[in-house]
Amino acid sequence: MPIANAFLTPEEFEKEFFYDMVVGYDKNTDAIGLVNKVPPEMMFHDHYAFFSSTSKGMQSHFAGTASRLLPFAGKGIVVEIGSNDGIMLSAWKNLGVRAIGVEPSKNVADMSRGLGHEVISEFTSARVADDILSRGKVSVVFGANVSCHIEDIVSYADFIAKLIGKEGVFVFEDPYFLDIVEKTSYDQVYDEHVWYFTVAFINKLFEPYGLYVFDAEHIPVHGGELRMFVGHKDKFQKRPEVAKWQAKETDLEGKLETLKANIQKSKQELVGLLEDLKKQGKKLCGFGASSKGVIVCNFCNIGPDLIPFITDNTPAKQGKFYPGVHIPILPQEKFTNENTDFAMLFAWNHLPEIQKYFSWFEKAGGKWITHVPNPRII
Ligand code: SAH
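Residues numbered from 1 in each chain as written. Predicted model: local features only at pLDDT ≥ 70, side-chain atom pairs only at ≥ 80, totals over all residues. Heavy atoms only, no water.

**Focus: the environment of phenylalanine 50**
- With respect to the helices and strands, the residue phenylalanine 50 is situated in the loop between helix H1 (40-43) and helix H2 (56-73).
- Separated by 320 residues in sequence, phenylalanine 50 and threonine 370 have C-alpha atoms that sit 21 Å apart.
- Discounting chain neighbours no more than four positions away, the residues touching phenylalanine 50 are Asn5, Asn84 and Val108. (Helix = DSSP H or I, 4+ residues; strand = E, 2+ residues; numbered from the N terminus. Contact = heavy atoms within 4.5 Å.)

**Here we look at unusual backbone geometry**
- Of note, the amide linkage connecting valine 372 to proline 373 takes the cis form, showing an omega dihedral of 0°.
- Here proline 373 shows up in the loop between strand S14 (367-370) and strand S15 (376-377).
- Despite not being glycine, aspartate 30 has its phi angle at roughly 65°, a positive value.
- One can find aspartate 30 in the loop between strand S1 (23-26) and strand S2 (31-34).
- Positive phi values are uncommon outside glycine, yet histidine 222 reaches one of about 50°.
- Tracing the backbone through its elements, the reader meets histidine 222 in the loop between strand S8 (211-219) and strand S9 (225-232).
- Residue histidine 222 is classed as buried on the basis of its relative accessible area of 11%. (Buried < 20%, exposed > 50% of the residue type's maximum accessible area, 1.4 Å probe, protein only.)

**Focus: the state of the cysteines**
- Following the criterion strictly, the structure yields 0 disulfides and no others.
- In this model cysteine 297 remains outside any disulfide bridge; the closest cysteine sulfur is found in cysteine 300, 7.8 Å from its own.
- Exposure remark for cysteine 297: the relative accessible area of 0% places this residue in the buried category. (Disulfide = S-S within 2.5 Å.)

**Re the pattern of salt bridges**
- Tallied over the entire structure, the rule returns 19 salt bridges.
- Between lysine 162 and aspartate 130 there is a salt bridge; the shortest N-O distance is 2.8 Å. Here lysine 162 is found in helix H6 (residues 153-164), whereas its partner aspartate 130 is found in helix H5 (residues 126-133), with 32 residues between them in sequence.
- Accessibility expressed as a relative area gives 39% for lysine 162, which makes it partly exposed.
- Assessed through its relative accessible area of 41%, aspartate 130 is described here as partly exposed.
- With a shortest N-O distance of 3.1 Å, arginine 239 and aspartate 215 are connected by a salt bridge. (Salt bridge = Lys/Arg side-chain N within 4 Å of Asp/Glu carboxyl O.)

**Regarding helix H10 (residues 252-279)**
- Here H10 is 28 residues long and its end C-alpha atoms lie 40 Å apart, about the 40 Å a rise of 1.5 Å per residue gives.
- Along H10, the residues that are buried comprise Leu252, Leu256, Leu259, Ile263, Ser266, Leu270, Val271, Leu273, Leu274 and Leu277.
- Positive backbone phi, at 80°, marks glycine 281, one or two positions downstream of H10. (Expected span 1.5 Å × (residues − 1).)

**Focus: the site of the ligand**
- Around the ligand lies a shell of 20 residues, among which Ser52, Gly82, Glu103, Ser105 and Asn145 are the nearest.
- Contact distances for the ligand include 2.5 Å between an oxygen atom and a side-chain N or O atom of glutamate 103.
- Between asparagine 145 and the ligand, the recorded distance is 2.8 Å, taken from a side-chain N or O atom to an oxygen atom.
- Starting from 570 Å² of accessible surface for the ligand in isolation, the protein chains cover 97%.
- Across the shell around the ligand, the residue classes tally to 11 nonpolar, 7 polar and 2 charged. (Near = heavy atom within 4 Å. Polar contact = N/O pair within 3.5 Å; in protein donor to acceptor, adjacent residues only side chain to side chain. Areas by Shrake-Rupley, 256 points an atom, 1.4 Å probe, with all protein chains shown as cover. Nonpolar A, V, L, I, M, F, W, Y, C, P; charged D, E, K, R; others polar.)

**Some details on the sheet that holds strand S7 (residues 169-175)**
- Strand order across the open sheet formed by 7 strands is S5-S4-S3-S6-S7-S9-S8, with mixed pairing between neighbours. Bordering the open sheet on either side are strand S5 (118-120) and S8, each of which pairs with just one other strand. Strand-to-strand twist in this sheet, taken as the mean axis angle between neighbours without regard to direction, amounts to 20°.
- Against the sheet, H2 contacts strand S3 (77-81), strand S6 (138-144), S7, S8 and S9, and its axis sits at roughly 155° relative to S6. (Pairing = 2+ DSSP bridges. Axes fitted to C-alpha atoms, helices over the stretch in contact; angles between N-to-C directions.)

**What about the sheet that holds strand S13 (residues 342-345)?**
- Sheet architecture is open: 6 strands sit in the order S12-S11-S10-S13-S14-S15, paired in mixed fashion. Every interior strand has two partners, whereas the edge strands, strand S12 (329-331) and S15, have only one.
- In this fold H10 packs onto strand S10 (284-287), S13, S14 and S15, with an angle of close to 150° to the strand it touches most, S14.

**Re helix H11 (residues 291-300)**
- For H11, the tally of buried residues reaches 9 of 10 residues, placing the bulk of the element in the interior.
- Two residues or fewer past H11, asparagine 301 is found with a positive phi of approximately 55°.

**What about the layout of surface pockets?**
- When its volume is computed, the second largest pocket comes out at roughly 580 Å³.
- Among the secondary structure elements, those contributing two or more residues to the lining of the second largest pocket are S1, helix H7 (177-183), H10 and H11.
- With 7 residues, H10 is the single largest residue contributor to the lining of the second largest pocket.
- Residues belonging to the lining of the second largest pocket are distributed by class as follows: 16 nonpolar, 1 polar and 3 charged. (1 Å grid on protein atoms, 1.4 Å probe; cavity = no way out; pocket = protein on both sides within 12 Å on 5 of 7 lines; lining within 4 Å. Points joined across faces, edges and corners; volume = space filled by probe spheres on them.)

**What to know about the environment of asparagine 203**
- Following the sequence through the fold, asparagine 203 ends up in helix H8 (residues 199-206).
- Taking the relative accessible area as the measure of exposure, asparagine 203 reaches 17% and is therefore buried.
- In contact with asparagine 203, other than residues within four places in its own chain, are Tyr212, Val213 and Gln246.

**A closer look at the packing of H6 against H8**
- Their axes nearest at 10 Å, the elements H6 and H8 cross at an angle of 65°. Between H6 and H8, the interaxial angle falls into the category roughly perpendicular. Between H6 and H8 lies a crossing of right-handed hand. Across the interface between the two elements, Ile153, Val154, Ala157 and Ile160 from H6 touch Phe201, Leu205 and Phe206 from H8. (Parallel < 35°, antiparallel > 145°, perpendicular 65-115°, else oblique. Left-handed = near helix turned anticlockwise from the far one by under 90°.)

Spelled out as structure tokens, the structure:
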């Protein structure tokens, strides 16, 4: 697989980086994660291509999340790991809460600083924790779609434990392993997603600090995530919800085998469907040059012969090519009923938002294609 967010120009094709993407499972710790990892500096840098605020749906999600977490914030500081372009820092600011972002990708960190946010542009580390604690007491550490990115998860747990102590809470939301199995959403597996979380794994990870998962709630964003609340056993009582999820997390090895078989089936069905449409002379395009779609295209060998172009609203991706399969990325405005009969939805996790804003596409006879939970025309 190539690096999923490494959009490139034709001059860069020759020296493109590839690695063997393998998911492993460790019985002792219940860790499920990538066996071969890409160095973080190759993924998160001064030209990181993912901008959280491009999704209106996610803006309202984070505004709602900040309100939901407000009771935990109290008079303390909120720390946000992976604050990206400031989407959630803005939500805290609107609520009058002091929030500090930790964001190593310099381009997005600078964007959020431009909005007046307090951001440390570094990877999480003991030094960053000390720096934050020198600024005041931390009540909440929050991370959305970032904890699963952090390869050295043990140092990360140290970092979190140091920041929240016995009183604070750590709340995080990432793609949930059981959702990936249920939906065969194998495209959640890419270089940035080093870990596929379960309550079982998080409890084992935080046990040495006296911390545990005391609450969990399922959220619909990004194809199904589990938001977990971690705090000290002496302070936070475990809510019944947690046991409910734990009870579902049985036979993880068997679930991985099921996923493996379903992925092969999904590939055959998707390629079959696209090839049929091509034979019928239908015009195809890709919609949303997401990192997930990079995995779908590379795993299924879908190149420009099947999908001649993909449109996306992120300027940094436009005019470049999709990693690995080198499909050209065009601006969103190029998506029309004239050039597209069927649009393959690579940003399937934003389907409701996309269907709403692009309702004209379906009204004029256009159709969406998705591969989740199984390949089909919507
Ligand atoms: N929280 C946002 C962004 C998710 S993308 C959202 O949910 O939309 C992941 C972000 O985490 C990127 O901006 C990346 O630069 C950042 N990141 C990656 N590793 C990190 C680390 N070790 N510490 C802090 N941020 C990190």
